[in-house]
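# Structural overview for review
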Amino acid sequence: MDWTKLDWAALDRLRDGFLHGGAAAGPYWQSESALASYDLTYGERIGWKWDQVLRELTMRGWTPPDRATVLDWGCGSGVAGRRVIAHFGPERFSALQLWDHAPVAVDYAEKRARGFLRCGPRQSRRVYCKATDRSDFCSSVTCLTSFRPTHSRRCAA
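Quick look at the structure, then.

Calculation criteria
In this convention, every chain numbers its residues from 1, walking through the sequence in written order. With pLDDT at 70 or above as the cut-off, local features in this predicted model cover only qualifying residues; side-chain atom pairs require 80 or more to be listed or tallied, and sums for whole chains, interfaces and linings still use all residues. To obtain the side-chain values, all non-hydrogen atoms of the structure were used and water was disregarded. Working convention: axes come from line fits to C-alpha atoms, limited for helices to the stretch in contact. Angles between N-to-C directions cover 0 to 180 degrees. Counting from the N terminus, the helices are the DSSP runs of H or I reaching at least four residues and the strands are the DSSP runs of E reaching at least two. Handedness of a crossing is defined here by the sense of rotation of the near helix relative to the far one, left-handed for an anticlockwise turn of less than a right angle and right-handed for a clockwise turn. When checking whether two residues touch, look at their non-hydrogen atoms; a contact exists if any pair is within 4.5 Å. Only buried residues count toward a nonpolar core, which is a set of Ala, Val, Leu, Ile, Met, Phe, Trp, Tyr and Cys residues joined through side-chain atoms within 4.5 Å. Type-normalised accessible area, obtained with a 1.4 Å probe on protein chains alone, sets the label of each residue: buried when under 20%, exposed when over 50%, and partly exposed for intermediate values.

## Topic: the packing of helix α3 (residues 42-59) against helix α4 (residues 79-88)
One can describe the packing of α3 onto α4 by two numbers: an axis separation of 9 Å at closest approach and a directional angle of 35°. Helix-helix and strand crossings are classified by hand; for α3 and α4 the assignment is right-handed. For the pair α3 and α4, contact is made by G43, E44, I46, G47, W48, W50, D51, L54, R55 and T58 and by V79, A80, R83, V84, H87 and F88, respectively.

Shown next, in the form of structure tokens:
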């Protein structure tokens, strides 16, 4: 995706939903084009916010445990999980776990993470998470202790 190929209609629809509460009505990711356009624009802004949070954690001396699992809850395009792994380095993580209510979002985030983490298709598998599953770092504003066991993927680093 580049600036000449942005799906402006999708970006307008997403922006309207985010600003006026429509995003809470259910899955809003409708296409890979919308996710790619979001990732390049609004997602980049989310990435900058994550960068600041991660700098603050580092400044305070916090690091994830070795071979940690990152849970990107409500992953959308997957920008938050990618920023976490980029900040601390892929060697610190054993997996990136993705969840979103829209399967197209999980597919897109997994595709982007594969190139980012260099994990091949044999290492990627669908997982169903339970409240007892452990994640060491949750890259979400709302990290819950349990969630619906659908549309989740785990990508081994």
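## Brief notes about the environment of S37
Mapped onto the secondary structure, S37 falls in helix α2 (residues 32-40). Taking the C-alpha atoms as reference, S37 lies 9.5 Å from S77; in sequence the two are 40 residues apart. When neighbours within four sequence positions are excluded, S37 is seen to be in contact with M1, L6, D7 and L11.

## A word on the nonpolar core
A general tendency of soluble globular proteins is for nonpolar side chains to be buried together. Ranked by internal contacts, the top residues of the largest apolar core, which has 15 residues, are V70, V84, F93, L96 and L98. Residue assignment for this core shows that the elements contributing at least two residues are α3, β1 (68-73), α4, β2 (93-99) and α5 (103-117). Sorting elements by how many residues they give to this core places α4 first, with four residues. Listed in part, the eight residues of the second largest apolar core include L35, Y38, A102 and A105.

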